[in-house]
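Observations on the model geometry
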Amino acid sequence: MRALPEACRLGGVCVHPGVAALFVGSRRAALLSRVPSHTLSAMIPTSESDKDADCSCEKRRRAMNEKLPDLIEGERIFFQKVFERQSRATMEMREQWRSETILQRRRRVSSEIYDLLGGVVKYGPFKGLSLAKNNWWGGGDFGSMLLGLYENEVLDFLFSERLDGFESFVDVGAADGYYAIGMLRSGRVKNAVCFELSEEGQRTIASNAESNSVSDRIEIFGAADRLFYEKLSHLDLAKTVVLVDAEGAEFEIFDDDSLAALKQATIVIEIHNWVEDFWDKYTRFLTSAAALFNVEFIAPAVRDLTQFPELNDFTDDNRYLICSEGRPNVMRFMILTSKG
């Protein structure tokens, strides 16, 4: 083999200048494998492109070091509420939570969100609506109401283009007035009529209406019966939407006469399938309604809980429990619209 310059000889192994090594025989290759990597690297000339790459890497490292404090601070902010919640949770509280029923937990989580948001709806079309913390009806829905998640599919329909230009809202089974007052305060309608069985509920509606400055545009009555439409004679029914959530009493409220009297209105009904003789009542109702109205149903809405930073420190099960109404199945919302 032709002799190579002395500078290229290393431990008896010939190394080609500026490249790597010339392997001659397995013994020399083995010897080369024992040479420290930094020694070999030093024997390989660095090109201009290599120098540029090293410079670029160094710039990135410096930039990353400059951004590191902001990165750490951002993560501290993200986890701060989690750490605070963990520090507040005593062993006694943890034991109590483990023994809660689902209903008790719904109410506790809902109450926490109420306090967190000050009893004011923060998201959705009813944003800004203020609700009194009155638990006469259970209070388990406060969380979803204040986050704009409560019966999302119904809200989507009420604020769809189909109801643009409607003037009146009738709420049968108005509870605390969430829908009626929300529709008024948002400017979606000009006036509202509420029917609520509970006297405590009627007082709560009046209180909430006053808190939201809509008392002069709302009427409050007791329980609706088959003649409740007589109290709506001053309304233009063609520009009126009627929401019915009567916990099964919808089959008692609506008969052929009341349906006929309201045939110009748009009616949204939550169907409660756990009442006695449900199927017979429901099929009779469908038959009567289909003779006077177009019948359709609202598809369930998707609820995305990742959009609420207020819930970042809530456990997974508590976050999703906020969406629960405690119903035994997916609820059915029927829409009746005039055939004329």
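Refer to the structure presented above.
Bear in mind the structure is a predicted one, so any value in this text is a computation, not a measurement.

About the cut-offs
Residues numbered from 1 in each chain as written. Predicted model: local features only at pLDDT ≥ 70, side-chain atom pairs only at ≥ 80, totals over all residues. Heavy atoms only, no water. Helix = DSSP H or I, 4+ residues; strand = E, 2+ residues; numbered from the N terminus. Buried < 20%, exposed > 50% of the residue type's maximum accessible area, 1.4 Å probe, protein only. Contact = heavy atoms within 4.5 Å. Pairing = 2+ DSSP bridges. Right-handed = clockwise from strand over helix to strand, strands pointing away. Core = buried A, V, L, I, M, F, W, Y, C linked by side-chain atoms within 4.5 Å. Polar contact = N/O pair within 3.5 Å; in protein donor to acceptor, adjacent residues only side chain to side chain. Phe/Tyr/Trp six-rings, centres within 6.5 Å; stacked < 30°, edge-to-face > 60°. Lys NZ or Arg CZ within 6 Å of the ring centre and 35° of its normal. Salt bridge = Lys/Arg side-chain N within 4 Å of Asp/Glu carboxyl O.

**As for the overall build of the protein chain**
Counting its secondary structure elements, the protein chain contains 13 helices and nine strands. For the protein chain, the proportion of its 340 residues judged to be buried stands at 39%. For the protein chain, the share of sequence-separated contacts (at least 6 apart) that also reach a separation of at least 24 residues comes to 73%.

**Overview of the pairing of strand β5 (residues 218–221)**
Bridge count for strand β4 (residues 191–195) against β5 is four bridges, and the pairing is parallel. If you follow Ala 192 over to β5, its bridge partner there is Ile 218. Chirality of the crossover, the property in question, places the unit of β4, helix α9 (residues 199–211) and β5 among those that are right-handed.

**Considering the environment of Ile 113**
One can find Ile 113 in helix α5 (residues 102–117). Residues Ile 113 and Ser 144 lie 31 residues apart in sequence; the distance between their C-alpha atoms is 8.8 Å. Once residues lying within four places of it in the same chain are set aside, the contact partners of Ile 113 are Gly 143, Leu 146, Leu 147, Leu 311, Phe 314 and Ile 322.

**Here's the deal with the nonpolar core**
Residues Leu 158, Phe 169, Tyr 178, Tyr 179 and Ile 218 are the most contacted members of the largest nonpolar core, which totals 47 residues. Broken down by secondary-structure element, the contributors of at least two residues to this core are α5, α6 (142–146), α7 (152–158), α8 (178–185), β4, α9, β6 (240–244) and β9 (332–338). Residue contributions to this core peak at six residues, all from α8.

**Describing the side chain of Glu 310**
Note on placement: Glu 310 falls in the loop between β8 (293–298) and α13 (316–321). Of the polar contacts made by the side chain of Glu 310, one reaches the side chain of Lys 122; its length is 2.6 Å. Among the polar contacts listed, one links the side chain of Glu 310 to the side chain of Tyr 123, at a separation of 2.8 Å. Residue contacts for Glu 310: discarding those within four places in its chain leaves Lys 81, Leu 116, Leu 117, Lys 122 and Tyr 123.

**A closer look at the pairing of β6**
Counting buried positions along β6 gives five out of five residues, so the element sits mostly inside the fold. Alternating residues of β6 divide into Thr 240, Val 242 and Val 244 and Val 241 and Leu 243, and every residue in both groups is buried. When strand β3 (residues 168–172) meets β6, the two strands line up parallel, connected through five bridges. Bridged to Val 170 within β6 is Val 242.

**A word on the environment of Asp 245**
Residue placement: Asp 245 occurs in the loop between β6 and α10 (250–253). Residue Asp 245 is classed as buried on the basis of its relative accessible area, which comes to 15%. Put simply, Asp 245 and Gly 173 are 72 residues apart on the chain and 5.2 Å apart in space, counted from C-alpha to C-alpha. If near-sequence neighbours (up to four positions away) are discounted, Asp 245 is found in contact with Tyr 150, Glu 151, Val 172, Gly 173, Glu 270, His 272 and Arg 327. At a separation of 3.2 Å, a polar atom in the side chain of Asp 245 contacts the side chain of His 272.

**Here's the deal with the packing of aromatic side chains**
In total, this model carries 18 aromatic pairs according to the counting rule given. Aromatic side chains Tyr 114 and Phe 142 sit 5.0 Å apart centroid to centroid with 55° between the ring planes, which places their arrangement in the tilted category. Of the two residues, Tyr 114 sits in helix α5 while Phe 142 sits in helix α6, which places them 28 residues apart along the sequence. The class for Tyr 114 is buried, based on a relative accessible area of 11%. For Phe 142, a relative accessible area of 1% gives the class buried. Three or more aromatic residues link up through ring pairs in this structure, and these residues are Phe 195, Phe 221, Phe 228, Phe 251, Phe 254, Phe 278, Trp 279, Tyr 282 and Phe 285. When the ring centre of Phe 221 is taken as reference, the NZ or CZ atom of Lys 231 above it lies at 5.6 Å. Positioned above the aromatic ring of Phe 297, the side-chain terminus of Arg 332 is 3.9 Å from the ring centre.

**Re the pattern of salt bridges**
A full pass over the atoms with the stated rule returns 19 salt bridges. The closest approach of N and O atoms between Asp 141 and Arg 106, which form a salt bridge, is 2.9 Å. Of the two residues, Asp 141 is situated in the loop between α5 and α6 and Arg 106 in helix α5; the sequence distance between them amounts to 35 residues. Overall, Asp 141 belongs to the buried group, its relative accessible area being 10%. Residue Arg 106 is classed as buried on the basis of its relative accessible area of 9%. One network of salt bridges, in which partners are shared, links Glu 100, Arg 105, Arg 108 and Asp 317.

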